[in-house]
Amino acid sequence: MLFAVKHGVPIFVKMSRDETLWPQLLKESVTEVDPEAAAQIICEVWPGEDTRTEELVSQADAVIAYGSDATIERLKGLSSEKSFLGFGHALSIGIMTTGGMIEPFATDILSFDQQGCLSPQSIFVEGNSHAVIALSASLAAYLKQEAATLEVSPRVDRAQAWKIREAVELASMGPRKVLFEESLRWAVIQHFAGDSELPVPTGFGVVHLIPIADITDFGQFLGIARGQLSCVGVAGELTPELQAAIEGEGVSRVCKAGEMQTPPLDWKNGGVDLEAWIAKLER
């Protein structure tokens with residue numbers, strides 16, 4: 001997704017083909033507060049490889065882009081370093097300490113179909129395999145309830161269904177147990193001690209529960225996610241030691257479980273102060 005300030009057009013939004021609803025809802029919300037400002041928000045959608053993308057980026061006065069790392073690098077080369085702000089691949093995790101409740105994570109997982117950078121792909125659980133066994137069944141029950149509340153539709157997209165089935169079947173071949181909903185709205189993959197490295201994210205409601213004896217050691221098991229964590233949602237006590245471990249991984253947002261998808265407007269995504277960046281452009 002691109003946000004561009006272009007000659008005579010305050011904000012031009014090139015939407016992702018996978019997400020056209022949110023930008024339109026944002027514009028509608030702005031309209032309720034300031035119709036004149038909303039009229040200056042132009043939303044369009046076309047394939048990312050379309051020549052219009054390059055034209056927009058190269059002609060804009062300022063660009064904010066969200067996408068894959070490869071896409072961000074390509075677009076950055078079309079704009080000046082000062083006027084380009086890119087947010088590449090990022091993901092989030094949950095952490096559950098002893099005494100925490102798993103229920104709030106159901107909302108975090110299913111909101112936005114688990115496709116955003118704030119969507120938890122895995123939950124590290126303080127304890128052993130026995131703790132994860134009990135929590136897996138509980139989380140599955142909560143996901144079932146939340147899917148009904150959020151009106152998550154049965155999976156009809158073949159590509160999405162294939163990814164979910166692949167994750168479920170691969171997990172079933174190893175020392176793991178899988179609980180999933182028949183219409184593929186969600187799936188819980190239960191890991192055991194010794195099988196702790198963070199797996200490749202699937203999205204679409206697929207979440208991994210991973211036991212760790214000392215929860216402050218979670219950073220050792222991040223694997224491919226190291227350096228890419230956007231948010232950590234915590235269920236249970238956030239001790240000073242755990243807080244320090246999370247901050248040591250460069251995470252820009254730490255919150256309670258159930259609040260991962262609702263960051264404050266002044267959240268510094270990736271540590272970037274957007275207001276300061278805009279002010280610097282205006283100088």
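Once a new chain begins, its residue numbering starts again from 1 and follows that chain's sequence as written. For this predicted model, a pLDDT threshold of at least 70 governs which residues receive local features, and a threshold of 80 or more governs which side-chain atom pairs are given and counted, while totals over whole chains, interfaces and linings are taken from all residues. With hydrogens and water stripped out, all remaining heavy atoms of the structure feed into the side-chain values.

Asker: For this particular structure, what's the right way to read the pairing of strand β10 (residues 206-212)?
Answerer: Burial runs high along β10: seven of the seven residues are buried. Here strand β7 (residues 120-126) runs beside β10; their pairing, made up of five bridges, is parallel. Following the sheet pairing, valine 125 is matched in β10 by proline 211. Here, strands pair whenever DSSP counts at least two bridges between them. Every helix listed is a DSSP run of H or I at least four residues long, and every strand listed is a run of E at least two residues long, numbered separately from the N terminus. Of the pairings in the sheet, the one linking strand β9 (residues 187-190) to β10 comprises four bridges and is parallel in character. For glutamine 190, the partnering residue across the bridge sits in β10 and is leucine 209. Exposure is judged per residue with a 1.4 Å probe applied to protein chains only, and the accessible area is read against the type maximum: over 50% gives exposed, under 20% gives buried, and values in between give partly exposed.

Asker: What am I meant to see in a nonpolar patch on the surface here?
Answerer: Like-charged residues are merged into a patch within 9 Å and nonpolar side chains (Val, Leu, Ile, Met, Phe, Trp, Tyr) within 5 Å, provided each residue has over 30% relative accessible area and no salt bridge. For every accessible area listed, the method is Shrake-Rupley and the probe measures 1.4 Å; residues are considered covered only by the protein chains on display. Salt bridges, as used here, are contacts in which a Lys or Arg side-chain nitrogen is within 4 Å of a carboxyl oxygen on Asp or Glu. Taken together, the side chains of Trp22, Leu26 and Phe112 define a hydrophobic patch exposed on the protein surface, amounting to about 310 Å² of accessible area. As for its position among the elements, tryptophan 22 is in helix α1 (residues 21-33). Under the relative-accessibility criterion, tryptophan 22 is labelled partly exposed at 39%.

Asker: Looking at this structure, I do not really get unusual backbone geometry. What am I missing?
Answerer: Trans peptide bonds make up the majority, and among non-glycine residues the majority have a negative phi. The backbone phi angle of glutamate 151 is positive, close to 55°, even though this residue is not glycine. Inspection of the secondary structure assignment puts glutamate 151 in the loop between α6 (129-149) and α7 (158-173). Residue class for glutamate 151 comes out exposed when judged on its relative accessible area of 68%. A positive phi angle, close to 60°, is found at phenylalanine 204, a residue other than glycine. Inspection of the secondary structure assignment puts phenylalanine 204 in the loop between β9 and β10.

Asker: Got a minute to help me understand the nonpolar core in this structure?
Answerer: Among soluble globular proteins, nonpolar side chains are generally buried collectively. Among buried residues, those of type Ala, Val, Leu, Ile, Met, Phe, Trp, Tyr and Cys that are joined through side-chain atoms within 4.5 Å constitute a nonpolar core. The biggest cluster of nonpolar side chains holds 26 residues, and the ones touching the most others in it are Phe105, Ile123, Leu139 and Leu143. Contributing elements (two or more residues each) for this core: α5 (105-110), β7, α6, β10 and β11 (229-235). Sort the elements by how many residues they give to this core and α6 lands first, with six residues. The contact criterion used throughout is that any non-hydrogen atoms of two residues lie within 4.5 Å. The contacts of phenylalanine 105, once residues within four sequence positions are left out, are Gly94, Ile95, Met96, Ile123, Gly233, Ala235, Ala257 and Met260. By size, the runner-up hydrophobic cluster in this structure holds 18 residues, among which are Ile95, Leu229, Ala245 and Val251.

Asker: Looking at this structure, how should I read α6?
Answerer: An α-helical turn contains 3.6 residues, so a residue and the one three or four places further along point in the same direction. Any helix carries an expected span of 1.5 Å times its number of residues minus one. Along its 21 residues, α6 runs 30 Å from first to last C-alpha, staying within 8% of the 30 Å computed at 1.5 Å per residue. Where α6 is concerned, the buried positions are Ser129, Val132, Leu135, Ser136, Leu139, Ala140, Leu143, Glu146 and Ala147. Buried residues along α6 sit against β6 (91-96), α5, β7, β8 (177-180), β9 and β10. The definition of a polar contact used here is a pair of N or O atoms within 3.5 Å, where within protein one atom must be able to donate a hydrogen and the other to accept one, and adjacent residues in sequence count solely through side-chain atom pairs. For α6, the capping residue at the N-terminal end is asparagine 128, with a side-chain oxygen 3.1 Å from the backbone nitrogen of histidine 130. In the segment just after α6, glutamate 151 is the residue with positive phi, at about 55°.

Asker: Even after reading the chapter, I still don't get the packing of aromatic side chains, so can you show me in this structure?
Answerer: Centre distance and the angle of the planes are the two values used to describe a pair of aromatic rings. Only Phe, Tyr and Trp rings are paired, with Trp represented by its six-membered ring, and only when their centres lie within 6.5 Å; those with planes under 30 degrees apart are stacked, over 60 edge-to-face, the remainder tilted. Here the structure, examined in full by the defined rule, presents three aromatic pairs. Both rings, one in phenylalanine 12 and one in tryptophan 46, keep their centres 6.1 Å apart while their planes meet at 45°; by these two values the pair is tilted. Highlighted residues: phenylalanine 12 in strand β2 (residues 9-15) and tryptophan 46 in the loop between β3 (41-45) and α3 (51-59), separated in sequence by 34 residues. Residue phenylalanine 12 shares its accessibility class with tryptophan 46, and that shared class is buried. Ring centres of tyrosine 66 and phenylalanine 87 lie 5.0 Å apart, and the angle between their planes is 15°; this geometry places the pair in the stacked category. Of the two residues, tyrosine 66 sits in strand β4 (residues 62-66) while phenylalanine 87 sits in strand β5 (residues 84-87), which places them 21 residues apart along the sequence.

Asker: Sorry if this is basic, but what is going on with the state of the cysteines here?
Answerer: Each disulfide consists of a covalent bond between the sulfur atoms of two cysteine residues. Here, a disulfide means two cysteine sulfur atoms that sit within 2.5 Å of each other. As enumerated under the stated definition, the model contains zero disulfides in all. Between cysteine 117, a cysteine without a disulfide, and cysteine 231, which holds the nearest cysteine sulfur, the sulfur-to-sulfur distance is 8.4 Å. By relative accessible area, cysteine 117 is classed as partly exposed at 27%. Summary of cysteine pairing: cysteine 255 is not part of a disulfide, and the nearest cysteine sulfur, belonging to cysteine 231, is at 3.9 Å.

In short, shape yes, function no, at least from these values alone.
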